[in-house]
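# Residue-level structure breakdown
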Amino acid sequence: MRIGFEEAADFLNGCTDVLIITHASPDGDTLGCGFGLCRALRQCGKKADVVCADPIPPRYDFLKEWYAPQGFEPKQIIAVDIADTKLMGKLSDYGDKVDLCVDHHITNTGYAKRLLLGEKSAAACEVVYTLLKTAGMPIDETAAMCLYTGIATDTGCFKFESVTPETHMIAAELYRYEFPLPAAKLNRRLFDIKSQSRVKAEGIIIKNTELLCDGKCAMTSVTLDEERESGISADDFDGIASLPMQFEGVEIAVTVREKDPGRFKISIRTGTDANASRICSSFGGGGHIRAAGCTITGRLDDVKAQLLKACAEELHNVGY
């Protein structure tokens, strides 16, 4: 059942022991939602824990420096930035037990008992921020840092088309609190600093990039064997999907990463016309118009061929 901010705020204020679920292969938005919401709930004297099916990438460790699991039997379960129970990974058994989902994906399947959906928001952290304000819950420096991280990462540091005036207004409000939000420091950590292995990972992505469809589609891939041989961890490929979009003339960028033998995580980014979500939905995935994902099982060559066909059809549909 879809609800508004007032009803969601009433539910949140009535919570006591809350388990917050973030999506598998966690990014800055789901983690910012999870730890920001957890911080606010604990500031109100409530019990709250954050769980994720996968390890948290080291670049986001600062979000949980204050955090220690409280360990309790949850009375309420909240999912954040999760459009489909499949995205919970190993925690998908919680799917039919979610009391509230806070999300911004228009592809949300409505699996939760209550859905607070801000489909016009550039990041789920925008929705969490407004929910906390509506509920009258405190946002301290730590919670603000979490929420800012989600907004900044899900907008490419405010570069993406999804950014709205409200996005900037919420970021500005986070700046206005009595504490100094270390935005410049956060932006440098999130977007500028790269480890040697991260630079090496980007080299693999660029080396493996193929320009297809008369240069309108850039497709790259990385296999488990390549990861093992290079000594690069999976974390070094976090957030790397936008790299092929940097090639001039590219409208669709496709990154194919082998997560398990024969199982590939697909990340698609698009320029001004093509619809990434439409491409991914044909493979059971989804997301946003400019950024979406899915999972495909099979041989790498076959997976790439399927994706190329789907991308060519999308380019044709939008007039390329």
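We now turn to the structure provided with this report.

Assigned secondary structure in the protein consists of ten helices and eleven strands. Against the globule reference of 20 Å for 320 residues, the protein gives a C-alpha radius of gyration of 19 Å, in line with a compact fold. Each principal axis of the C-alpha atoms in the protein carries an extent, and together these give about 55 × 40 × 40 Å. Considering the protein as a whole, with its 320 residues, one finds that 54% of them fall into the buried category.

Let's shift gears to the pattern of salt bridges. All chains considered together, the criterion is met by 17 salt bridges. The salt bridge partner of lysine 113 is aspartate 99, with a shortest N-O separation of 3.3 Å. Pair noted here: lysine 113 is in the loop between β4 (100-103) and β5 (115-117) and aspartate 99 is in the loop between β3 (76-80) and β4, with a separation of 14 residues, a long-range link. Across the pair glutamate 314 and arginine 278 runs a salt bridge, and its minimum N-O distance is 2.6 Å.

A few words on the pairing of strand β1 (residues 17-21). Within a regular strand, the side chains alternate between the two sheet faces. Across the five residues of β1, five count as buried, placing the element largely inside the fold. Note: β1 against strand β2 (residues 47-51), five bridges, orientation parallel. Within β2, the position partnered with leucine 19 by the bridge is aspartate 49. In this view, the connection linking β1 to its parallel neighbour β2 by way of helix α2 (residues 28-43) has right-handed handedness. Strand direction decides the pairing type here: β1 and β3, joined by four bridges, are parallel.

On to the sheet that holds strand β7 (residues 217-222). Read from one edge to the other, the open sheet built from six strands follows the order β6-β7-β8-β9-β11-β10, with strand pairing classed as mixed. In the strand order of this sheet, the two ends are held by β6 (210-212) and β10 (286-287), each with one partner. In the sheet, β6 pairs with β7 via three bridges, with the strands oriented antiparallel. Following the sheet pairing, leucine 212 is matched in β7 by cysteine 217.

Between α2 and helix α3 (residues 124-135), the least distance of the axes is 8 Å, while the angle of their chain directions is 15°. Taken together, the axis directions place α2 and α3 in an arrangement best described as roughly parallel. Seen along the crossing, α2 lies across α3 with a hand that is right-handed. Here α2 contributes Asp29, Gly32, Cys33, Gly36, Leu37 and Ala40 to the contact with α3, which in turn contributes Ala124, Cys125, Val128 and Leu132. For the contact of α2 with α3, the residue count by class is seven nonpolar, two polar and one charged.

Each strand in a sheet pairs with another by means of backbone hydrogen bonds, the pair being arranged parallel or else antiparallel. One open sheet holds the five strands; their spatial order is β2-β1-β3-β4-β5, and the pairing between them is parallel. On the outer flanks of this sheet lie β2 and β5, each paired with one strand and no other. Strand-to-strand, the axes of this sheet are offset by a mean angle of 20°, without reference to chain direction. Each of β3, β4 and β5 touches helix α1 (residues 5-14); the most contacted strand, β3, lies at about 135° to it. In the packing of α2 onto the sheet, contacts are made with β1, β2 and β3, and the angle to β2 comes to roughly 165°.

Further remarks concern helix α7 (residues 196-207). Compared with an ideal rise of 1.5 Å per residue, which puts twelve residues at 16 Å, α7 spans 17 Å between its outermost C-alpha atoms and is within 8% of the ideal. Within α7, burial applies to Arg198, Ala201, Glu202, Ile204 and Ile205. Projected down its long axis, α7 shows its buried positions confined to an angular sector of 155°, all on one face. More than 90 degrees from the buried face of α7, the exposed residues found are Gln196 and Lys207. On its buried side, α7 packs onto β7, α8 (224-230) and β8 (252-260).

This part takes up unusual backbone geometry. In this structure, aspartate 81 is a non-glycine residue whose phi angle is positive, near 60°. Summarising the element assignment, aspartate 81 is placed in the loop between β3 and β4. With a phi close to 55°, aspartate 214 is a non-glycine residue in the positive phi region. Inspection of the secondary structure puts aspartate 214 in the loop between β6 and β7.

Moving on, we get to the packing of α1 against α3. Contact pair α1 / α3: the axes reach a minimum separation of 9 Å and the direction vectors enclose 70°. By the criterion of interaxial angle, the relationship of α1 to α3 is roughly perpendicular. Side by side, α1 and α3 meet where Phe5, Glu6, Ala8, Ala9, Leu12 and Asn13 of the first sit next to Val127, Thr130, Leu131, Leu132, Thr134 and Ala135 of the second.

Now for the pairing of β8. Extensive coverage of β8 is indicated by the burial of seven of its nine residues. With six bridges joining them, β7 and β8 adopt parallel strand pairing. Across the sheet, residue methionine 219 finds its bridge partner in β8, namely valine 254. Here eight bridges tie β8 to strand β9 (residues 263-270), and the two strands are oriented antiparallel to one another. When the sheet's bridge partners are listed, glutamate 258 is paired in β9 with phenylalanine 264.

Conventions used here
For every chain, the first residue of its written sequence is number 1, and the numbers climb from 1 along that sequence. Two thresholds apply to this predicted model, a pLDDT of at least 70 for residue-level local features and 80 or more for giving and counting side-chain atom pairs, whereas whole-chain, interface and lining totals are computed over all residues. Only hydrogens and water are set aside when side-chain values are computed; all heavy atoms of the structure are taken into account. The numbering of helices and of strands both runs from the N terminus, where a helix is a DSSP run of H or I of at least 4 residues and a strand a run of E of at least 2. Throughout, the radius of gyration refers to the C-alpha atoms, and the reference size of a globule is 2.2 Å times the residue count to the power 0.38. We call a residue buried when its accessible area falls under 20% of the maximum for its residue type, exposed when it is over 50%, and partly exposed in between, using a 1.4 Å probe and counting protein chains only. Salt bridge, as applied in this entry: a Lys or Arg side-chain nitrogen positioned within 4 Å of an Asp or Glu carboxyl oxygen. Note: two strands are recorded as paired if DSSP finds a minimum of 2 bridges between them. Note on handedness: a crossover is taken as right-handed if, strands pointing away from the viewer, the path from the first strand over the helix to the second is clockwise. Every axis corresponds to a line fitted to the C-alpha atoms, with the helix fit spanning only the stretch in contact, and the corresponding angles, defined between N-to-C directions, vary from 0 to 180 degrees. Convention used here: angles under 35 degrees read as roughly parallel, angles over 145 as roughly antiparallel, angles from 65 to 115 as roughly perpendicular, and any remaining angle as oblique. In this scheme, a crossing is called left-handed if the near helix is turned counterclockwise away from the far one by less than a right angle; it is called right-handed if the turn is clockwise. A contact between two residues is defined here by any heavy atoms of the two lying within 4.5 Å. For this scheme, ten residues count as nonpolar: Ala, Val, Leu, Ile, Met, Phe, Trp, Tyr, Cys and Pro. Four count as charged, namely Asp, Glu, Lys and Arg, and the remainder, Gly too, count as polar. Here, expected helix span is obtained from the residue count minus one, scaled by 1.5 Å. In this description, the arc belongs to the directions extending from the helix axis to the C-beta atoms.

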